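Okay, here's what each chain looks like letter by letter:
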Amino acid sequence: MDNTESKLRVRGARSKGVSRRDALALIGAAGAAAVASPALGQASRVNLSFWTFENPQQRPWLHKRVRQYMEKNPNVNVEFQWFTFADLGKKISVGYATGTAPDGFVSQDWLMPTWQAKGLIAPLDIQKLGYNSYKDFSDDFPEAFLAGATKDGKVYGFPTWFYGFLNYLNTKHFASVGLDPERDAPLSWEKFGEVAKKLTIKEGNRFVRQGFKFAMHAPQWTMVQFNPILVGAGGSWFDASGKCTINNAAGVKAMKLRASIAKEYGAEDPAESIATNPLPQMDWLKERASMFWCHPIPPPAIQSQNTAMASEHYYRPVQYAGIDGKPGISTTYGFNLVINARAPAEKQAALHDLYKFIMSDAEDCWNDTQPFPIARKSGWTNNPKVQSFPQIAEILKARDQGVFLPRTPVYNELADAVHRAVQRVMLNGADIQATLNEAAAEVDRATANARG
Amino acid sequence: MTTIPSDEVAASRWQLTGWKRTLGLVLLLAFTIAFIIPILWMLTMSFQAGDKMFQLGTEWIPSVWHPENYPNALSRAAFPNYFLNSGVVSLVVMAGNLVFCTLAGYGLAKFRFPGDSIVLLLILSTLMLPLEVTLVPTFLIIHNFGWMNTYQGLVGPLLIDAFGVFLMRQSMLSIPNDYIEAARIDGAGEIRILLQIILPQCIPALAVLAIISFRDSWDQFLWPLTVVSSDTYRTFPLGLVQFGEDYGNPPSEQLAIAVLATIPVFLLFLVFQRSINRGFGLSGLK
Amino acid sequence: MTMQAVSGPARVEGSEVAAAIPSGFSRRIRRWGLIFVAPTLLFLAIFKYGPMLWAIGLSFTSYDMVSQPQYIGLQNYRLLLENPVFRETLINTFVYVGASTAFMTMAGLGLALAINTRVPGARHCMTAIFLTNLMPIIAVCLVWRLLLHPYGLVNQLLAPLGVGRVDWLTNEATAMPAIVFVTVWRFAPYFMVVFLAALLALPDDYFEAAELDGAGVFRRFWHITLPLLMPTVFFVVVVSALLSARIFLMPFIMTGGGPGNATRVLSMLIYETGFSYMKMGQAAAISVVLFAIMLVFTTLQMRLFMRREQVYS
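### Focus on the overall build of chain C
- If you tally the helices and strands in chain C, you get 12 helices and two strands.
- Mapped from its N terminus to its C terminus, chain C presents α and β elements in the order α-β-β-α-α-α-α-α-α-α-α-α-α-α.
- With 313 residues in all, chain C has 60% of them scored as buried.
- Within chain C, contacts between residues at least 6 apart in sequence are counted, and of these 70% link residues at least 24 apart.

### So, the overall build of chain B
- Within chain B one finds 15 helices and zero strands.
- Compactness check: chain B gives a C-alpha radius of gyration of 24 Å against a globular reference of 19 Å for 286 residues, more than 25% above the reference.
- In terms of its C-alpha atoms, chain B occupies a principal-axis envelope of roughly 70 × 70 × 30 Å.
- Looking at chain B residue by residue over its 286 residues, the buried ones come to 60%.
- Roughly 11,000 Å² of accessible area belongs to chain B as shown, and the carbon and sulfur atoms make up 68% of that amount.
- Counting 15 positive and 18 negative side-chain charges, chain B places the centres of these two groups 11 Å from one another.

### Comments concerning the environment of B:Arg215
All names here are of chain B.
- When you line up the elements, Arg215 lands in helix α11 (residues 203-219).
- Arg215 gets classed as buried once you look at its relative accessible area, which sits at 7%.
- Each C-alpha atom of the pair Arg215 and Val119 lies 27 Å from the other, and the pair is 96 residues apart in sequence.

### Some points on the interface of chain B and chain C
- The partner chain C presents 112 residues to the 123 residues of chain B that form the contact.
- Counting each side, the surface lost to burial between chain B and chain C is near 11,100 Å², with a carbon and sulfur contribution of 75%.
- There are two salt bridges connecting chain B and chain C.
- The salt bridge partner of B:Asp219 is C:Arg186, with a shortest N-O separation of 2.6 Å.
- Between chain B and chain C we count 10 residue pairs in polar contact (both at pLDDT 80 or more) in total.
- The greatest single-element share of the side of chain B that touches chain C, amounting to 14 residues, is contributed by helix α2 (residues 18-45) of chain B.

### Let's talk about unusual backbone geometry
All names here are of chain A.
- Note that the residue after Gln370, namely Pro371, is joined by a cis bond; omega there is 0°.
- Examined against the element boundaries, Pro371 turns out to sit in the loop between α16 (362-369) and α17 (384-387).
- For Asp152, which is not glycine, the phi dihedral falls at a positive 50°.
- Its place among the elements puts Asp152 in the loop between β4 (150-151) and β5 (154-155).
- Positioned with a positive phi, Glu287 is a non-glycine residue whose angle comes to about 65°.
- Within the secondary structure, Glu287 sits in the loop between α12 (281-285) and β10 (289-294).

### So, a positive patch on the surface
Residues and elements named next belong to chain C.
- Together, Arg27, Arg28, Arg30 and Arg31 give the surface a local cluster of positive charge.
- Structurally, Arg31 can be placed in helix α1 (residues 23-58).
- A residue is classified by how much of its surface remains accessible, and Arg31, at 52% relative accessible area, is exposed.

### Here's the deal with the interface of chain C and chain A
- Listed per partner, the contact involves 38 residues of chain C and 37 residues of chain A.
- Note on chain C versus chain A: buried area summed over both sides is about 3,600 Å², and carbon and sulfur give 50% of it.
- Of all residues in chain C, the largest losses of buried area upon contact with chain A belong to C:Val66, C:Tyr151 and C:Tyr277, amounting jointly to 17% of the total for that side.
- Remark: the boundary between chain C and chain A carries four salt bridges.
- A salt bridge links C:Asp64 to A:Lys118; the shortest N-O distance between them is 3.4 Å.
- At the boundary of chain C with chain A, the tally comes to 11 residue pairs in polar contact (both at pLDDT 80 or more).
- Listed by contribution, the elements that provide at least two residues to the side of chain C that touches chain A are α2 (75-82), α3 (84-116) and α11 (266-276) of chain C.
- With four residues, α11(C) is the single largest residue contributor to the side of chain C that touches chain A.
- Residues of the side of chain C that touches chain A, tallied by class, amount to 14 nonpolar, 14 polar and 10 charged.

### Some words on the confidence of the model for chain C
All names here are of chain C.
- The predicted model of chain C averages 85 in pLDDT, with 88% of residues at 70 or higher.
- Scored below 50 in pLDDT, residues 1-19 shows 46 contacts in the model against residues more than four places distant or in partner chains.
- Quick note on the complex model: pTM equals 0.85, ipTM equals 0.88.

### Here's the deal with a nonpolar patch on the surface
- On the surface, B:Leu29, B:Ile33, B:Leu40, B:Trp60, B:Ile61 and B:Trp65 cluster together to form a nonpolar patch covering roughly 630 Å² of accessible area.
- Examined against the element boundaries, B:Ile33 turns out to sit in helix α2.

### Some thoughts on the pattern of salt bridges
- One pass over the full model with this rule turns up 28 salt bridges over all chains.
- B:Arg76 is the salt-bridge partner of B:Glu253, the closest N and O atoms lying 2.8 Å from each other. With a gap of 177 residues between them, B:Glu253 in helix α14 (residues 251-271) and B:Arg76 in helix α3 (residues 69-76) connect regions that are remote in the sequence.
- Each of A:Lys64, A:Arg65, A:Asp364 and A:Asp368 takes part in a single network of salt bridges with overlapping partners.

### Comments concerning the sheet that holds strand β8 (residues 201-203) of chain A
Residue and element names in this part refer to chain A.
- Pairing in this open sheet of five strands is mixed, and the strands run β8-β9-β10-β7-β11 from one edge to the other. The sheet is open, and its two edges are formed by β8 and β11 (315-318), each paired on a single side. Strand-to-strand twist in this sheet, taken as the mean axis angle between neighbours without regard to direction, amounts to 25°.
- Judged from the three bridges that link them, strand β9 (residues 206-213) and β10 form a sheet pairing that is parallel. Among the inter-strand pairings, Lys213 is bridged to a residue of β10, identified as Phe292.
- In the packing of helix α8 (residues 189-199) onto the sheet, contacts are made with β7 (166-170), β8, β9 and β10, and the angle to β10 comes to roughly 140°.

### Some thoughts on the state of the cysteines
All names here are of chain A.
- Across all of its chains, the model carries zero disulfides over all chains by this definition.
- Just so you know, Cys365 is unpaired, no disulfide at all, and the nearest cysteine sulfur is the one on Cys294, 18 Å from it.
- In this structure Cys365 comes out as buried when scored by relative accessible area, which is 2%.

### A few points about the confidence of the model for chain B
- Of the residues in chain B, 91% have a pLDDT of 70 or more, and the chain-wide mean is 86.
- Low pLDDT (under 50) marks residues 7-12 of chain B, which in the prediction has six contacts with non-local residues, meaning those over four places away or in another chain.

### Describing the packing of aromatic side chains
- Per the stated rule, a full pass over the model turns up 73 aromatic pairs over all chains.
- A ring pair is formed by B:Phe139 and C:Phe275, whose centres lie 5.1 Å apart and whose planes are at 80°; its orientation type is edge-to-face. Here C:Phe275 lies in helix α11 and B:Phe139 lies in helix α6 (residues 131-144), a pairing that spans two chains. The same class applies to B:Phe139 as to C:Phe275, namely buried.
- For the ring pair C:Trp144 and C:Phe181, a centre distance of 5.3 Å and an interplane angle of 85° mean the geometry is edge-to-face. Of this pair, C:Trp144 sits in helix α5 (residues 137-147) while C:Phe181 sits in helix α7 (residues 172-200), and the two are 37 residues apart along the sequence.
- Overall, the relative accessible area of 7% leaves C:Trp144 in the buried class.

The rules we used
- Residues numbered from 1 in each chain as written.
- Chains lettered and ligands numbered in written order.
- Predicted model: local features only at pLDDT ≥ 70, side-chain atom pairs only at ≥ 80, totals over all residues.
- Heavy atoms only, no water.
- Helix = DSSP H or I, 4+ residues; strand = E, 2+ residues; numbered from the N terminus.
- Buried < 20%, exposed > 50% of the residue type's maximum accessible area, 1.4 Å probe, protein only.
- Contact = heavy atoms within 4.5 Å.
- Rg over C-alpha atoms; globule rule 2.2 N^0.38 Å.
- Areas by Shrake-Rupley, 256 points an atom, 1.4 Å probe, with all protein chains shown as cover.
- Lys, Arg positive; Asp, Glu negative; His and termini not counted.
- Charge placed at Lys NZ, Arg CZ, Asp CG, Glu CD.
- Buried area = accessible area lost by both parts, 1.4 Å probe.
- Salt bridge = Lys/Arg side-chain N within 4 Å of Asp/Glu carboxyl O.
- Polar contact = N/O pair within 3.5 Å; in protein donor to acceptor, adjacent residues only side chain to side chain.
- Patch = residues over 30% accessible without salt bridge, like charges linked within 9 Å, V, L, I, M, F, W, Y side chains within 5 Å.
- Nonpolar A, V, L, I, M, F, W, Y, C, P; charged D, E, K, R; others polar.
- pLDDT = per-residue confidence, 0-100.
- Pairing = 2+ DSSP bridges.
- Axes fitted to C-alpha atoms, helices over the stretch in contact; angles between N-to-C directions.
- Disulfide = S-S within 2.5 Å.
- Phe/Tyr/Trp six-rings, centres within 6.5 Å; stacked < 30°, edge-to-face > 60°.

Right, here's the structure in full:
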């Protein structure tokens, strides 16, 4: 799944022959319908608009399922549009503001509080989705995910994928410096730093190979990477009263740990990654970095960049390093199928049916989008195809044990503030406590003015 | 301002002699090459593999050519469509500027009417109201017109630029009024006067306005970013920015697109170069 | 037909036409003047004045676009003043505009003087340099971002001079200078052309007299050329200031406003506040501030120029 976000980048449909023609035709035909006032269409025919984010595996699969649904239900027409991962949330916000929001869309789970706070998404009827009771539903999904999809006992999102980040190791590099990728996989921070240092190769002040690399180019990645360190160090984003607490002792400790890879162990080059084209995995794929924290990486992605690594399979994901002797925590996030609260009743009903159909074939989903696991616990992990995927246990463990990103209506402001703080610390050597104080103050200001 | 010097006088005045001349030539040449290095670099890198970009040295003549960067780059996203959109928008904006700025410039240069100095001030003061300042309300206006994701929406706010009015007015001020008066007394209509007497004398200024308005519209990023969310109407700067976000798009392909994007403006300039030079007032430079 | 007048001050001139023509005729002519100007006025009312007034109105509200705007008085402005990010951005904008304007003007003049020495091939050099002004801005930003990379061409070329690795875009000390540099690189050629046209139009008499008096090159420049170029200098300063005040792409593409807030400018902040945080009211307030800055600056410049004009005429 393509996680590369840069702030405010715009993107859209990837032209791939047939699908583009479809998209254009659908957009043309249904464009007017999407914008026009609802509930005035013909009785039997339902026109839906559905938006999602671009990802080389996930988006085509969703599109395929939607098309299959339309074949089975010829009276339903779905206009399928997609945007970059970074842009989807903004496009939807603007869509709501301008009355052009889609009837249904995929919501990144950290944005759920934003839609919920403004009453923009409708509560789902879980029975229409195939669950008999709320308990049945909640038993079937990880706790972390539920916290985002549900509120006050109502379900607002039907989960699709949900995954945790892992530490991807280049096993060839490990071997080359005399480390065993299994025994020496760094599961504690101290070891993490040392292993990274060992793996680093420098020529003068130029890094030929970084032992470990943080992605520095976009706020979303900064959040994803800092989140597990913060929580693992015993800190939290907000306290019970809603005040931002990244500048408390635990937060400072977390930032120090984050900075240590570059500053103490000399294994990372923060300035180098920020100024180039942002595809954070690229350095790891091109073997300019030996370790990298990433979502589950699909084999085709590795194949497209590094055929040797793909064919010889000299990589493996392991869990994050733990702090103070505790097991490592990964960061998790996922995606919900949601329904626009302003869509008329018959569209909402049709969307329930569509969503149920989309998620009804977990095996097909795995076939197309592995190794991105879906959030659902039941009915698919025992499948031999799933079990035979390399290191599937690690991937599922990351999903089940991870912590979710902070859920707050001022997520964007929070991400920007943390991103700036990390830049200051890593690039300008700023004092960590002072920088975090500033960032926390910024977030508190944004929270206070959430209506502004 | 009195006379414009003849070429001979000017040349003899400024001409450096002997070693100073050679030195001047060498320095100027060296500086020029240094100045245009980024373009040369862009050109040569667009034909090389992406990995070559941050090596210890730069190969100015590629040892391995990768012309496939160009068709590859174009296929990464709907770039031919993006270029088409940019082209349509830029041509329409250029045409709009040529028409309306000329009209307004003429009206302000050669006509006296109550409030004309206020009108001039009003128009010129919009130079302080660029899109970057009026972004949010302009967006709301375009949305209210229903012009989101349309050509009209893309073109709308760019159609007339006060700078063009200023340009045309300045150039028309120096047209002698006798021609106009004579034509009026002969009974020629105002439109005819404009088309047959004024315009032919403004060709250089028109050329300058054309290239500048085309280029500014071709460059536009913030406005299309705001008003377009559908791939059908995306312009190439948006496409170029999103370029690096997929798996495996080497930066050299991004440069290939950049090269392709540079060509139309260069061509337009080179085709109208003589008029443009005159329009800028550079015909005295040999 | 030259554009020497492009450097002239924007003074309104009365038309001599009206004087010689009977009054009925002139009223008809006057009407045409209005007709010609009308479409532009209408357009500007819709797309410039309307939005500016709306922005001023919006700046007194809290508006997230999902619900109706709520009147909140001056709170947006108060919040801006209390916000360190805004303060830093404001300072950055001043620094950026000041530096860019100064260097663009000087570079443009310098380049024009160099071309004006009329060495053989000068004209072609001018064309080559001017062509860089036509390169799409997005391409300029992308190319320079790559050139200024720690391992990029700029550092490669500086290495033999003993300059170590400089992280141009990620070090807060060099980020803003780097952005200013790229801005100047991109826009100076246009001003080179403007200055060149002005230089070419300078009358000979002054120079002949000065040469006869034995004045050296530098004194000729300082005491004759420069004063004669004042109108052009004024024009260039105003235009380059207005230009750099609105620049969005350079910092956006090259540094994203970073590191930290080192290169964030007001135009970026407007976009982020409005379209990333969905705070349209506050974005409008920032727009008003930017407009005010441009207005104050232009007015000051005109004042300065008027006074200068008086001194020299």
